[in-house]
Structure formats: C-alpha cells, structure tokens
Amino acid sequence: MQAAEKAPATAVKPEAVLLRVESAFKYFPVSGLGGLAVRAVDGVDLEIRRGETLGLVGESGCGKSTLARLITALLPVTAGKITFDGQDITKLRGRRLRRIRQKMQMIFQDPYASLDPRMTVGDILQEPLDNFGIGSVGHRRRRVQELLRLVGLNPNFTNRYPHEFSGGQRQRIGIARALALNPSFIVCDEAVSALDVSIQAQIINLLQDLQKEFQLTYLFIAHDLAVVRHLSDRIAVMYLGKVVETANRNDIYERPQHPYTKALLSSIPVPDPKVERERAPITLKGEIPSPVNPPSGCRFHTRCPIARAPGVCAEQEPALEAHGAADQVAACHFAG
Amino acid sequence: MATAIGIVQQVDWDVPEQTGLWSDAWVRFRRNPLAVAGLAVIVVMIVLAIGARLPTNPGGLWHVLHLTGDPVQQEVTNTYALPSLQHPLGTDVLGRDQLSRILYGASISLTIGIVVQFLILIIGGVIGMVAGYFGGWIDNLLMRFTDIMYAFPDLLLVLVFVAAFGPSFWSIFIALGLVYWVGLARLVRGQVLSIKEKEYVEAAIMTGTSPFKLIVKHLVPNSLGPVIVTLTFGIPAAIFTEAALSFLGIGIRPPEPSWGVMIEDGYAGIFADPRQVIFPGIAVALTMLSFTFVGDGLRDALDPRMRR
Amino acid sequence: MGQILLQVEDLHTQFFTSRGVVRAVDGVSLHIDAGETLGVVGESGCGKTITALSVLRLVPEPGRITSGKILFRGRDVTKMDDDEIRDFRGNDVAMIFQDPMTSLNPVTKIGFQIEEAMTAHKRFSAGLAKGRVVELLKRVRVPAAETRVKDYPHQFSGGMRQRAMIAMGLANEPALLIADEPTTALDVTVQAQIIQLMKQLNRELGTAMMLITHNMALVASLCQRVVVMYAGRVVEEGPVEQIFDSPQHPYTWSLLRSVPRVDEARKDRLVSIRGLPPDLVNSPAGCKFHPRCPFVVDRCKVEEPPLAEVAPDQVARCWVLMRNARQEDVDAAKTSALSVEAAQTLKAQAKVGGVAGS
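Rules used in this analysis
- Residues numbered from 1 in each chain as written.
- Chains lettered and ligands numbered in written order.
- Predicted model: local features only at pLDDT ≥ 70, side-chain atom pairs only at ≥ 80, totals over all residues.
- Helix = DSSP H or I, 4+ residues; strand = E, 2+ residues; numbered from the N terminus.
- Buried ≥ 20, exposed ≤ 12 C-beta atoms within 10 Å, placed from the backbone.
- Contact = placed C-beta atoms within 7 Å.
- Rg over C-alpha atoms; globule rule 2.2 N^0.38 Å.
- Pairing = 2+ DSSP bridges.
- Axes fitted to C-alpha atoms, helices over the stretch in contact; angles between N-to-C directions.
- Parallel < 35°, antiparallel > 145°, perpendicular 65-115°, else oblique.
- Left-handed = near helix turned anticlockwise from the far one by under 90°.
- Nonpolar A, V, L, I, M, F, W, Y, C, P; charged D, E, K, R; others polar.
- Expected span 1.5 Å × (residues − 1).
- pLDDT = per-residue confidence, 0-100.

Looking only at helices and strands, chain B features 13 helices and zero strands. The secondary structure elements of chain B, listed N-terminal to C-terminal, are α-α-α-α-α-α-α-α-α-α-α-α-α. Taking the principal axes of its C-alpha atoms as reference, chain B extends roughly 90 × 50 × 30 Å. With 308 residues in all, chain B has 41% of them scored as buried. Pairs at least 24 apart in sequence give 64% of the contacts found in chain B among residues at least 6 apart.

Below, the structure written as structure tokens:
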C-alpha cells in the first residue's frame, strides 16, 4: 500500500452511483421553547454504488436510522437532495413516490414489530403485489409461495400468523417481503441486531446469497462493526448527524483515519482471549453530546484524544477530504 | 437457481401447531368464569327479549306459550297481586303482568344499549381515525371540538337533545349517540397515533400501500381490541342512562314498559309494594353487571401481551 | 487455587405452564472460586438467566427450583429461610441486569437508591452509608460524583446508569456479583468503558463475578473460565483459553465460528447452526443438540452423553467431540452446506410443497 499521502479519491462514473445523498438535513423541532431542534442529520453527503453493500455505522444519536428513513422517503428532508436512479426523490409525492417504492425496499430491525400481527403471512407477502397490481391473483399467490421458499421457509404456511413463528423466521418473512417487488436497492436497518448469534449467522448468509442471485445493492445499517466488516464493501461512519469517514472495507479497519473511527474500532472486544489480554482500547472521555446542541467546530472535539481546543478543532468544522487510501475520506483537521 | 438458495439455507420447515388470533382470545375468555357467566346471562336475556316481541302481539312468544301474562292488559281488580301461575312475578299498580313487562323492557334496553354503540362507533371512530391519521391542524380542530363536547355534563346534554326531539325511543337513541362518542374518539385517536409509529406500518408504506388501504387494512384491525372493550363497557352505561331518563319522565313514555318507566310507575307505591321497584331494578342491575363482566373478560382476553 | 465460593449441584428449575412443564434448568452444576470471573454463555432460552435467578432464589412465577443444591460458602441457599435469604441477597451475592433503566427506580434519586441498598441490609449505619455513596460512585468512575448523587436516573446516560447499578451491586461488598448481559444495551464505546471498569474492580476488590452473556468476545475479555449452556444443560466447561482454542462440543465450536470478527478480513461464509432452538417442554431424545449438529452419529439420537473430561480442566457433553469429527464434516460445516442426504430430502419436500421455483 502506498504511503499515506493525500491520494485523490477515485472518480466514480455517474452511472455507477445508484443513490446519492447531497447535503441532507433533518431537524426535528423540540416542542416548548421555540427554535430548538434535534439535529438528527446535519449535512450528510453520501453515495451508494450499484451492486455494492455500503455499511453505515455509528452509536446512538448519530442519525443513521433517520438517514435511512430519509433515503427511503419515509420521512421528508428538512433540506437537501436525494437522487435515486437519476430521480430526485425529495420532490416526489403521492402516486409518483409510491412508484419508486418498487425499486427501493427496507428490512426492519424488530422481527416482532415489523409484521402486522393481524395479517396472515400470505397476506403480508401479497400486499406489495396487490398494491401494484402485479399479475393475476393466482400469479400473486404462486409468487408468495416462491418468496417463502426463497428465504428457506415452508410455502404451505401462508395462512399462519406472525406470532406463530420464531424471531429468525419472522425476519426471513420480512426479507421475503422486501424481495416481493424485485427491487434493486434494499436498506437493512439493523436487520440482524435483534437476533441470537447463530440465527444472525443464518440471516447474514441468506442476505449474501440473495445479493449475489439478484444483483442487489444494500445499505447495511448496524452498530456491530464485526458484522458490518463481514458484509460490506465500503463503510461510512457517522457521529452526531454527520459522516466522519468513508472508506473501503479493509482500509477502514486496518488504516482508520478519523480519531472517532479509531476509538470505535479499538472498543470492540474480539473473541480471542490472547488478543484481549494484550489489547488496550482507546477510551473516549465524556459522553455523546446532545444532538440538540452539538459542539462548535468539529463535533467530536469534546471527546477527541487528539483535539486541539481551543484551536481549529473547536472553531472550524472539518470537511470530508481525501486522506489515507484511495477512495477514503475523513473529516478531521489532523486525520491519519 | 433461486430455489437452490432456499434449499442451501438452513431451511425452517417446522412451525408449531396452528393457533388463530381470535380462537386464542376465545380460549382465554373462556377461562374467566365471571365473564362466561355474564355472557350466558346476556344470551338468555337476548333470547327472552326477542321472544317477547315476536310475534308482535303483546307479550310475544312467551304470552302465546302461556308462560307470562299480557304486558298491556290492565286488570284493575288484580293489582299488586302476588306471584302465581298466571303472573309469575305478580302484577303491578294497574294489574298488568310484571314478568312480561320486564321481558318487553329487556328488548328496549338491550336494543338501545347495543345498537347505540354502532352510532358511537361511526361518529367517534371516524373522528378519532381522521384526527390521529392526519395530525396537524385537522387533529387540532377535531380534538378541540371533542374537548368542548366533553366539557358538557353528558346527562345534561342528553336531556337537551331529548327535550329538543321530544321524548321517545328514537330521541333517546340519537341523543345517546350524539353525546357518548367522545371517549371512543379519544381512544381511537390514541390507538392510531401509536400504531402509526409501528414498523409494520412503515413496512406497508414501503411496499406501496396507499393511505386508504393503510387505514383499512392495518390501522383499523389493530385498534379493534380496545375499541370492542370500550363499546362493551358502553352498553351498561347506555342502558342505565335510558332507565334514568325514563324514570325521570323524560325518556320513554308509558305504556311502553321500559325498565325505567316501570320503576317510575312503582315508585309512588314503593312502601306499599316494593316489588314494583325491585324487579325492574334487579333487571337493570343484572344486565349491567353481566355486560361489565363480559367487558372485563374481553379486555383480558384481547390483551396484546400474548405469547411472544 | 482459591476457595470455592459458589457450588451449584445438579440444579433443576422448572416452569409449570398450561403448555406443559418447561425444564428451564435441567441438571446444571457449576462452581465459582473466590475472586474469579466465570462466563456463562448460550443463546436465548438456554437457561443461563434462570440459573442466576435460581442462585438468588428470585425465579419468577410459574417457576420454581425443583431439586438440587446451591451451596454458598457451604450453606445451602435452597434451604434458607426468609430472613437468611434476604441477608444473602444484596449482601453476599448481588446482581446487575441488562437494562439499567428498568432496574432503577425512576422517581428516587440515585444517591438515595444506593444508600437504600446499604441501609436495607444494616451493614452500614445511615450516617456511614451516606458517606459511602459518593465514594462508591467515584469508584465506578462517575465524574462529579458529589453533585451527581442528587440526580434522578433519567438524568444519567445509559453508561452512567449501568455504572450506578454496579455501584449499588457493590455497595455491600458482596463476595459474588452476577451480571446478566451488562453491556448489551450499551453503545460500543460505552461498552468498552464498562468492560475496563469491571476488570479494574475485579483487580481492586477481588469480587468474584458470574458474567452471563451471549457475546463470546465479552467472555474472552473478562473471564477466566467459561460454561457453555444449551437447552438447560451445561454442554462444555473449561478455562477460557482452552475453550476458545480447541472447543470440543460442536455447539461451542459452531458458536465461535458463527461470529464475525472485527479484526479479520472477510471469510466467505459464517458457520450457521441449522434449525431452531429446542422446545424445552418436549426436548429431543438423546443429546439435546443432535437435530442441529453437523457431526451427529446414531448414538446421539438415543442416548444423552454425560459430561466427560476431554482435557485437563475441560469437560464436554458429546459422544463425538470435535477432535474425533470427520474432516469432511468439518469442512462441510464450515461452508454451511448441508450433507447430501439432507439436501435431497429437502428437494423432495420442496416438490411436494407446491409449484416448482423459477
């Protein structure tokens, strides 16, 4: 690997980008004393390339779930532009927005809350097909069975209710639902976080197989960095509403440029006692600040082990710039 | 190739025995002895009430079968009679058969109590659903209107409506509907607000479900539980209100034998013959209690904290 | 070798439900020495939490301890009367739970709750207790402890609340601290802080700890010995290095291989254990893990293996054991491919199930 000089980010052809987020902001006004707002997403630029899995990580309050909902248009942006397959989805409403839904789907975190308890599994899976009038009713029923088989479930159980299945099985149903409309892009919002370890492994393998089979693009949101490393091609790290670093998988884990990424990676215990005896994690001081009133300048400076405050870190917000490897960007005045 | 993925996957073919949602609730309901007893009483009462109105000659089926006397025929020579084969509960101040009057009264009370819930469901349900789903100024407007309605004492408002329409079966019916929808509206709105946030609603939106379908297929079925319970508890309230109004002379008028009317009739001679008041009183109390037990049972049976 | 602090012998805890008797803890034996940290790992439903609750005799209805001994410093906990058990809980053994928000009283101040933990056991007088509260919060590294004693739980962040819970647990200087998934609900960086805290406390105070978790990495970081549970039974036990290095039970082996590691580049597939966790009312015959085991032989289906010594200090409950497993099976399990017969059976089932796939 070349020396860590500021290499230019590799230029990506526009057609290769499936989704582009430009200066997205999402503020939630806080009731009571006016003017205050939770700055959940505070100026995010991101791109997701066709066929890749982009991992999005961060701790509570970083805004990754909110960003997911902006990308899937479940929430309107406060400002900014989100382009999917050439179309600006922030401008779409009603029926035209619904049409986009055929290409973009989501798998949710809680297998117990993401399936309507009053509907049978067959109805749940048929709903997307009914909504868009895909084929005849008979065709839709066959497709539902095909979807169940695809995720490893018995196709005869279409008249069962969600509560009759285990957590892992319900998650499979959620995945089947996401596939029903043959989307090209799927957002996995903590899709495996609520599952037991061995079931997690099953679902991770399933997601990988499906991606290969259907040439899917994934946005994989998680807090478990080990799982993210296993699944993703590129990874973006968020802190307090902003992206602080983006890089290819191995680059970010082996040569992180941003101090927050470094601290995050060093915090994770490894299932190897010999390694654990030797390791000394970087501990961050303090707590995650409130998203209502983020710190001035670089948001991370209050906890950063290398921050110069008072100084540039407290005064000027760093921009995402190329540091480290090709295709790696970080927002830090002293990156590397 | 696609099915090969499913096969290579750790395939989960087995799912434990099938249980429906409502049959689950029914099993839980059955385990509550008071609720079952209440339901039994209600069923019996409904049968008796229907029989008292069909065929349409006074006394209905039970009179035809000589089980009771005639509710409107006065026998002035036989007033305040003690129970006998002809008059199993005796006669009232005008010599009319008590039992048949009580059964006839049951038909009035049950009809008003149960059917008015539909009116309440329509008015309160729609207002609550629209307010909860759309939020914003629509929610504000509807809820402030609801608050205003709520601020009036209900009985007073019912009195006003009944006075306006003139006392009769229909005016009570409509008055009750126009006044008692408020609680349900609030409940439905609360339900909708909490269900709207659930992930399965987000998922339905993601798969292209239109707002109308969202309401009909997702919001309504999932809010049914507490709604059914509230409506069930509303029945005894409505029955009592009707009885009270009739007792006060502002509701059903004699000779229609609603329970309230019967109590009013017998009230004057309460010390001479307390039976006149006791029997219809017990009828009201028993009916209200039964519906309350059933309501309790339903609430426990429909509790969403079922198996996970 | 330290003295044995806690000895659980053949513990059975069962839940009497309308569906049947759930054998949540089905003959578990384990021990913890003074000052050592024991990890108890397994997935949901394996019985690890109920084991811990049994030690404290806090098993919720409709469950109860049906047989077995729990010896703490020689005294049998199952035979203690109400006064003795109250003295035992919180004083000799304390427990901290996964979600500190629900374990802390939201309407009383943190300082008061910690104080209460001490005065309830009459170990410290009211005056002494007040003084110790600040000291305890300092010990768990809560910054500005003097002012924070007056805060309510909702004013603390998740990590701080967990520290307050630990402070409460340690208030009476118990010999044993039971921690049930203490870091699962916390952010990664906060998790790291709590792990470090626990290591420090173990060094400074010599408190023994039973760490219950499904997170193997946590065990690798904190524990000296580990017990692996499945379907209410212990399936493997031994020193942490040995177990991680050469696990002998197929479940332990699969568990270790199904977890992706943050310090390794991507392998092609994670090992996943097929099937579902067992039904604890009607558990399988023979070895409870056999329906899901990649190395099953005929004997496993009829006869349950005993816990046998497989290495110095290490025991496992398996007829086959990883060191005797056929290499082809090991390779197949690693790539998560099913054996040929299994794949054929499933293909046949797929045809029966309905329309053939695309």
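With that out of the way, let us pick up the overall build of chain A. In terms of helices and strands, chain A carries 11 helices and 12 strands. Computed over C-alpha atoms, the radius of gyration of chain A comes to 21 Å, within 12% of the 20 Å expected from 2.2 N^0.38 for 336 residues, which places it in the range of a compact globule. In terms of overall dimensions, chain A has a C-alpha envelope of 70 × 50 × 45 Å along the principal axes. A sequence separation of at least 24 residues applies to 65% of the contacts in chain A between residues at least 6 apart.

Further remarks concern the sheet that holds strand 3 (residues 37-41) of chain C. All names here are of chain C. Pairing is mixed across the open sheet formed by eight strands, whose spatial order is 6-7-8-3-9-10-12-11. The open sheet has two free edges, formed respectively by strand 6 (93-96) and strand 11 (308-311), since each of these has just one partner strand. The mean inter-strand angle of the sheet, taken between neighbouring strand axes irrespective of direction, is 25°. In this structure, strand 3 lies alongside strand 8 (residues 208-213), joined through five bridges in parallel fashion. The residue bridging Val41 from the neighbouring strand is Thr213, located in strand 8.

As a further point, take the pairing of strand 10 (residues 242-248) of chain A. Residues and elements named next belong to chain A. Most of strand 10 is tucked away: six of the seven residues are buried. Across six bridges, strand 9 (residues 234-239) lies against strand 10 in antiparallel orientation. Considered in strand 10, the bridge of Tyr239 is made with Lys242. Two successive antiparallel strands, strand 9 and strand 10, enclose a turn made up of two residues, where Leu240 displays a positive phi of approximately 50°. Alignment of strand 10 against strand 12 (residues 329-330), held across two bridges, turns out to be antiparallel. Each residue of the ladder has a partner; that of Thr246, found in strand 12, is Val329.

All names here are of chain B. Two elements in contact, helix 5 (residues 98-134) and helix 11 (residues 211-247), have axes separated by 8 Å at closest approach and are oriented at 140°. As judged from the angle between their axes, helix 5 and helix 11 are oblique. Relative to helix 11, the crossing made by helix 5 is right-handed. Residue-level contacts link Ser109, Ile112, Gly113, Ile114, Val116, Gln117, Ile120, Leu121, Met129 and Tyr133 of helix 5 to Ile215, Leu219, Leu231, Gly234, Ile235, Ala238, Ile239 and Glu242 of helix 11. Of the residues that constitute the contact of helix 5 with helix 11, the class distribution is 13 nonpolar, four polar and one charged.

Attention now goes to helix 6 (residues 136-151) of chain B. The end-to-end C-alpha separation of helix 6 of chain B is 22 Å, in line with the 22 Å expected for 16 residues at 1.5 Å each. Counted residue by residue, helix 6 of chain B has one buried out of 16 residues, so it is predominantly exposed.

In this assembly, 44 residues from chain C lie in contact with 41 residues from chain A. Counting only elements with at least two residues in the side of chain C that touches chain A, the list comes to helix 8 (188-205), helix 9 (216-222), helix 10 (240-245), helix 11 (250-257) and helix 14 (340-353) of chain C. Tallying contributions element by element places helix 8 of chain C first for the side of chain C that touches chain A, with seven residues. The residue inventory of the side of chain C that touches chain A, partitioned by class, reads 21 nonpolar, 16 polar and seven charged.

Quick look at the pairing of strand 10 (residues 233-239) of chain C now. Residue and element names in this part refer to chain C. Strand 10 sits mainly inside the fold: six of its seven residues count as buried. Strand direction decides the pairing type here: strand 9 (residues 225-230) and strand 10, joined by six bridges, are antiparallel. Its bridge partner lying in strand 10, Tyr230 is registered against Arg233. In this antiparallel pair of consecutive strands, strand 9 and strand 10, the connection spans two residues, and Ala231 shows a positive phi of 50°. Two elements, strand 10 and strand 12 (residues 314-316), share two bridges in a ladder whose sense is antiparallel. Bridge pairing in strand 12 links Glu236 to Ala316.

Quick look at helix 3 (residues 121-131) of chain A now. A turn of α-helix holds 3.6 residues, and therefore any two residues three or four places apart point the same way. Within the sequence span of helix 3 of chain A, burial applies to Val121, Ile124, Leu125, Gln126, Glu127, Pro128 and Leu129 of chain A. Residues of helix 3 of chain A that are buried sit in contact with helix 4 (137-150) and helix 5 (167-179) of chain A together with helix 10 (199-206) of chain B. Among the residues trailing helix 3 of chain A, Gly133 of chain A stands out with phi positive, at a value near 60°.

Here Ala203 of chain B is to be found in helix 10. If we skip the residues at most four places from it in the chain, Ala203 of chain B touches Phe108, Ser114 and Arg177 of chain A.

A word on the packing of helix 5 of chain B against helix 13 (residues 275-301) of chain B. All names here are of chain B. Where helix 5 meets helix 13, the closest approach of the two axes is 10 Å, and the angle between their N-to-C directions is 35°. Where helix 5 crosses over helix 13, the handedness of that crossing is right-handed. Two secondary-structure elements touch here, helix 5 through Gln98, Ile102, Gly105, Ala106 and Ser109 and helix 13 through Phe279, Pro280, Ala283 and Thr287. Here the residues of the contact of helix 5 with helix 13 are counted per class, giving five nonpolar, four polar and no charged.

Residues and elements named next belong to chain C. Sheet architecture is open: four strands sit in the order 2-1-4-5, paired in antiparallel fashion. Only two strands of the sheet have a single neighbouring strand rather than two, namely strand 2 (20-33) and strand 5 (75-76). Relative to strand 2, strand 1 (residues 4-17) runs antiparallel, the two sharing 10 bridges. Across the sheet, the residue bridging to Leu11 is Val28, located in strand 2. Sheet strands in contact with helix 1 (residues 48-55) are strand 1, strand 2 and strand 4 (63-72), and its direction is about 110° off that of strand 1.

Cis geometry is adopted by the peptide bond preceding Pro62 of chain C, which originates at Glu61 of chain C and carries an omega value of 0°. Mapping Pro62 of chain C onto the fold places it in the loop between helix 1 and strand 4. Even without being glycine, Ser23 of chain A reaches a positive phi, approximately 50°. Along the polypeptide, Ser23 of chain A turns up in strand 1 (residues 17-29). Judged by C-beta crowding, with 12 C-beta atoms within 10 Å, Ser23 of chain A ranks as exposed. For Asp327 of chain A, which is not glycine, the phi torsion reads 70° and is therefore positive. Residue position: Asp327 of chain A is located in the loop between strand 11 (321-322) and strand 12.

Attention now goes to the environment of Gly286 of chain A. Residues and elements named next belong to chain A. Mapping Gly286 onto the fold places it in the loop between helix 10 (273-278) and helix 11 (312-315). Between the C-alpha atom of Gly286 and that of Cys304, which follows or precedes it by 18 residues, the distance is 9.6 Å. Ignoring any residue separated from it by four or fewer positions in sequence, one finds Gly286 in contact with Thr302 and Arg303.

Time to look at the confidence of the model for chain A. Considering every residue of chain A, the mean pLDDT works out to 87; 95% of them sit at 70 or more. Contacts for the low-pLDDT stretch residues 1-9 of chain A, under 50 throughout, to residues beyond four places or in other chains number 13 contacts.

All names here are of chain B. In this model, chain B carries an average pLDDT of 84, and 92% of its residues clear a pLDDT of 70 or more. Helix 10 holds the highest mean pLDDT among the elements of chain B, 94, whereas helix 1 (residues 2-8) holds the lowest, 47. Every residue in residues 6-11 is under pLDDT 50, and counting partners more than four places away or in other chains gives 20 contacts. Reported confidence for the predicted complex is 0.86 by ipTM and 0.83 by pTM.

With that out of the way, let us pick up the environment of Lys217 of chain B. Here Lys217 of chain B shows up in helix 11. Separated by 50 residues in the primary sequence, Lys217 of chain B and Tyr267 of chain B place their C-alpha atoms 52 Å from one another.

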